[in-house]
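Single-letter residue listing:
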Amino acid sequence: MKEPNLNISIKIESDDSSPIQIKSLLINGEEFVKKNDKSNSDSKDSDLSKEDVLPLTAATLIGQKEERIVTPSAEISPKVPLPANSNSLEQYGGDSFHKMFFGDLTYEPIGSGRSRVTYQGAENVFTSDFVGKWLEPSRVHKCSIEFPEEGINYLPGSLSSIYSRVIEVENGKNLIVDFEYNGGDFLNPKRVINQDGIFFFDNRMAFETWSRASNRGDALFAESGKIYAVLGFPKIEVVSDSALHFTWSGEGERPAIHLMFSDSFIGDRHGRGDNKPLSFSRTFGGNTSFFHLPSEGRVDIDFDWQFLPSTYSHSVVQYGSPNGSIFLDGSPLSKQYGLKRFSNFDQFRIKRLMEQKLGFVRPGAVFSMPSQGYCNGGGVHDGRDITGFCTYRFEGDWVSKDPNNMKARTSGGLAVEWVGHSAESPGKFIELESAKPSKFSGLKFRFNNKTELEVLHPDFTWYHLASQEWTGGTSTGSEFTSVKIDGIPIGLNTNGDFWLVFGEENTQARNLSARTLNLFDRIPAQGDVIACNTGNLRDLNIIGKPSPSQLEVWGWCIQEGDVFESEGKTCRVKKAERKWKTWGQLSNSLPLAQIPKREDRRVTFTEITIDQELAQPITQVKLKVISSRTAKLLDGNYREEGEAYWGLGNEAPGHLMYTDYNVNLLIKNAQISGLIRSTSRPLWAETKAEISGNVNSLQLIPIQEKLWSAGDQIFLLSPDGKKIEKLEVSMSYQPGSDRLSVISKELSSSFPQGSVVCSLFSLCGKAEFDHVYFIKENGEISYSNRIDYRPQGLRLRQLIQKKEDCRVKIIGGRMSWYSNLDNRFEPEIELTQTPHLVSPTGSRPILLNPKISDGKGAVFGHQSKEVDKEEIYVSYYILARQDEVDLSNSELGADLYLCGNGKFYLNKLRTKNFIDKGKDTGVGFNLVFEERFDYSNSLLVIGKEGKAGLMIASPFKIGTLQIDLAQWELKPGLFNGGGFQTRQDSSSPDYAKYIQINK
């Protein structure tokens, strides 16, 4: 008689989460965990080993139909003595079992939900130690298109790596796992050869147990070269006023945590991106962050091991493929502080092994690091200034789909630091845009009716396209997603359309699944009537009439070339353009029966221009379809070579860093690729009226953040920052209030309306880019990228404290910067060690009053023109605003424009030569003087021993521009063969008095 299935679940946990001593455990009269061996009782390796504690997590029990299989307990004593105040993971049930195979495994489905895994080599490799261990295979399974609400986690319809466990070792070359891999063929399962596999012990529980134990040391020590795998993220819940250090000997290969998270799927059924399927929790534990930080207290973390990222990751636009994070501080106003250091010097260790063994890297093997973290602040202050910073320091490299999302709502106490290996070997901090596609090609489409669209492709489902602007929570965004079928573009609209017609948060109308979805716009067929029915939003299809020959059509897919009948006329669409308007604009322009709740949400429509003029008012216009380009798509046939788009092109969702103006930022010895984006958080409030005399309150334009509490010190600054008054808050500010109470004080002068109220502890104090170099994702040199980080708090702090070093510091490197002239407190820029300033993608390359403090100059702009490559030409603008700008010893990499009011020093400034397809043309670049940005009334240029062509590009009033250059070589420049051009009136008798250029 066969033994029944054996399914035993045992959970034992002490109050303080420390290991529990188990003397013995019997199952059906058989010994499961051996009694303690007293021969080891004299071990000196650790305190825990002295107590003879055998952690329960060291034992693994597997149930199966034919027989019961158990694994031996994990060894709890490390091979080397532990440093003081340290533990080993083995003491808490950990096991560094980690075996990798590349290209030498065969997977064969054998029925009953099992597969045989065969080693293709000559030697015997499998032992009883493999029983109970997990397996991460290569992508050897084609998943169902059904949504994985429960059971095993997978992306519907994908070719994926699915985790399984070893239940039997048949011999040294064959073992059985508890999942039936279909070899990539869902309908006809097959055997596949030359595949990979990583067998491992899951240490997630061991890490969590160590972190919660009250009697643990501050440090977790591991021997060099050991790898501790985890199936999903361990949840390390860090308590206030604590320390966690991951240490090792410092010799050999760093010990590592290997995240087993491949091809995990975290999307929800409707593509919203906000609900994890139960299958995710079942497979990976449900957690997606490593360190969960407290909202207050000192926390010091030093992770000096290596974190090895998961192997495979699906290429989705935004939702569905989780990245996870290292640090999570979910508090909206965190007061946690201390240093959190995380090293990453060997991210691609597994990738290198794969490439060495196979000669290539398998498709989908991305090895993306998790996000560094998410937070909304940090640091503590004494009511005056920051007394303890919350610093996140990341050392080495960081290559990830979503590298960083750390912001500070109100505090200037948050610091983010990226530090590369060294000046000689800079680290790589790269956003993996290639893992976030914006276009999917080779798709097969079929319309099942006028709105339901079906897609067929082995590597694409509608879940791949899910994104914030389409299926996510955004209803105020524009239409970014579309498809192309038979060369015809069809927009997919946004939640703003669906929610207006079908109701708030509606998901059923779109009816998203892996294969099908409903479009908002219907496909028009002959005889359909398109009209303006204000009594029914779904039939409100003409929503605007800009002119007699223009109509705004909503809810129908109208294309250029479509033909209608209206007012007895045949009308052909000459032009069709997708546009949007807000719900408020829609309701204000038409007598709607239903009034929208949210005026800022958007609807997307098609503005058409027809070849006839229609006289009737919009509410009486009717278009009867005679023919449409898309009507042929309703024949029930599949169309080949279709495409799906996320419409912002190469700028994939996400960023290299998403920060804000309040954050202290240091990037040192780093090569970076991707956009650094920031948002503006409230650093200050503005006064509503003039303030003078004795005051006990300030009337403010309300802000929505709680910036100040009773006893805090604040500063009142005039709009130009020249008058400053120190005050003390007497009553905590309430968000949204227009009044701030202060201790009564007689002001030294009057402050006009629009004066600024701020506190030092809300202002950042550091922004430094030390040898930062732009590169492309593939590592090639880049001359174009964007740092959209505007730390205005630096300028405010500079004005209040009179500290000249409160500047954005650019030290060497090759990067871009641009000054936002619309910002009220745009920070000053300090350049040292001859940085090369290149293109700030999408913004004008302009610097306001730059300071070159070491006198070594800078290289401004770049030009390159090579065969089969895009030509690059980046000129720079420098604006002086009542200041002196010393550009001595600088070099022109392209034309340099000097503007504004002030004094420029140009001693020994020189130009590079224009290179045309590898050939030096002998022609240089120009210094160009132009009246731009500000009206010029006094612009003085002084220099000697320089070499560059000059162009006066604006007709300055004589005397406004003064040039005094001695020992200057007017080198021929681009479009300036003579080396000098002017638009001033050179015939004026005073011209030579102000324009003096001597060789």
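The rules we used
- Residues numbered from 1 in each chain as written.
- Predicted model: local features only at pLDDT ≥ 70, side-chain atom pairs only at ≥ 80, totals over all residues.
- Heavy atoms only, no water.
- Core = buried A, V, L, I, M, F, W, Y, C linked by side-chain atoms within 4.5 Å.
- Buried < 20%, exposed > 50% of the residue type's maximum accessible area, 1.4 Å probe, protein only.
- Contact = heavy atoms within 4.5 Å.
- Pairing = 2+ DSSP bridges.
- Helix = DSSP H or I, 4+ residues; strand = E, 2+ residues; numbered from the N terminus.
- Axes fitted to C-alpha atoms, helices over the stretch in contact; angles between N-to-C directions.
- Polar contact = N/O pair within 3.5 Å; in protein donor to acceptor, adjacent residues only side chain to side chain.
- pLDDT = per-residue confidence, 0-100.

By the naming in an unreviewed UniProt entry, the protein is Concanavalin A-like lectin/glucanase superfamily protein, taken from Algoriphagus taiwanensis.

**Q** Residue-level account of the nonpolar core, with values.
**A** Core analysis: the largest hydrophobic core is formed by 109 residues, its most contacted members being Phe 291, Phe 342, Trp 817 and Leu 887. Here Phe 342 is in contact with Phe 290, Phe 291, Phe 303, Phe 307, Ile 326, Phe 327, Met 369, Arg 393, Phe 394, Glu 395 and Trp 398, once residues within four sequence places are set aside. Listed in part, the 33 residues of the second largest apolar core include Trp 554, Phe 564, Ile 618 and Val 625.

**Q** A description of the sheet that holds strand S32 (residues 439-447) should follow, citing residues and the corresponding values.
**A** With respect to topology, six strands assemble into an open sheet ordered S35-S34-S44-S32-S33-S36, the strand pairing being antiparallel. Strands with a single pairing partner mark the edges of an open sheet, and in this sheet they are strand S35 (488-491) and strand S36 (516-518). Across the sheet, the mean angle from the axis of one strand to that of its neighbour is 35°, orientation sign disregarded. Both strand S34 (residues 481-485) and strand S44 (residues 639-646) contribute to a ladder of four bridges, which runs antiparallel. In the strand pairing of S44, Ser 482 is matched with Tyr 645.

**Q** Tell me about helix H5 (residues 495-502), and name the residues and values.
**A** In terms of burial, H5 is largely enclosed, as seven of its eight residues are buried. Among all positions in H5, only Asn 495, Gly 496, Asp 497, Phe 498, Trp 499, Leu 500 and Val 501 are buried. Where H5 is buried, its residues contact S36, helix H6 (583-589) and strand S42 (602-610). Between a side-chain oxygen at the N-terminus of H5 and the backbone nitrogen of Gly 496 the separation is 3.1 Å; the capping residue is Thr 494.

**Q** So what's going on with the sheet that holds strand S13 (residues 192-200)? Residues and values would help.
**A** Taking strand neighbours around the barrel as the criterion, the six strands line up as S6-S7-S12-S11-S8-S13 in a closed arrangement whose pairing is antiparallel. Ignoring strand direction, the axes of neighbouring strands in this sheet form an average angle of 45°. Here strand S11 (residues 164-171) pairs with strand S12 (residues 174-177) via four bridges, running antiparallel. Bridge pairing in S12 links Glu 168 to Ile 176.

**Q** Would you mind going over helix H7 (residues 792-801) in detail, with residue names and values included?
**A** Within H7, eight of the 10 residues are buried, which leaves the element mostly enclosed by the surrounding structure. By the burial criterion, the buried members of H7 are Gln 792, Gly 793, Leu 794, Leu 796, Arg 797, Gln 798, Leu 799 and Ile 800. Tucked into the core, H7 has its buried residues touching strand S48 (684-686), strand S50 (713-717), strand S51 (724-728), strand S53 (756-758), strand S54 (767-774) and strand S57 (808-811). Lys 802, located one to two residues past H7, shows a positive phi value of around 55°.

**Q** Describe the confidence of the model for the protein, naming the residues involved and giving the relevant values.
**A** Close inspection of predicted coordinates is inappropriate for parts of the model with low pLDDT. Confidence in the prediction of the protein, expressed as mean pLDDT, is 90, and 91% of residues score 70 or more. Note on residues 1-7: pLDDT under 50 across the span, and eight contacts to partners over four residues away in sequence or across chains. This model gives residues 33-77 a pLDDT under 50, and the stretch forms 101 contacts once residues within four places in sequence are excluded.

**Q** Kindly report on unusual backbone geometry, identifying the contributing residues and their values.
**A** Excluding glycine, a negative phi dihedral is what most residues carry, and trans is how most peptide bonds are arranged. Phi at Phe 367 is positive, roughly 55°, even though this residue is not glycine. Inspection of the secondary structure assignment puts Phe 367 in the loop between helix H4 (349-358) and strand S24 (371-375).

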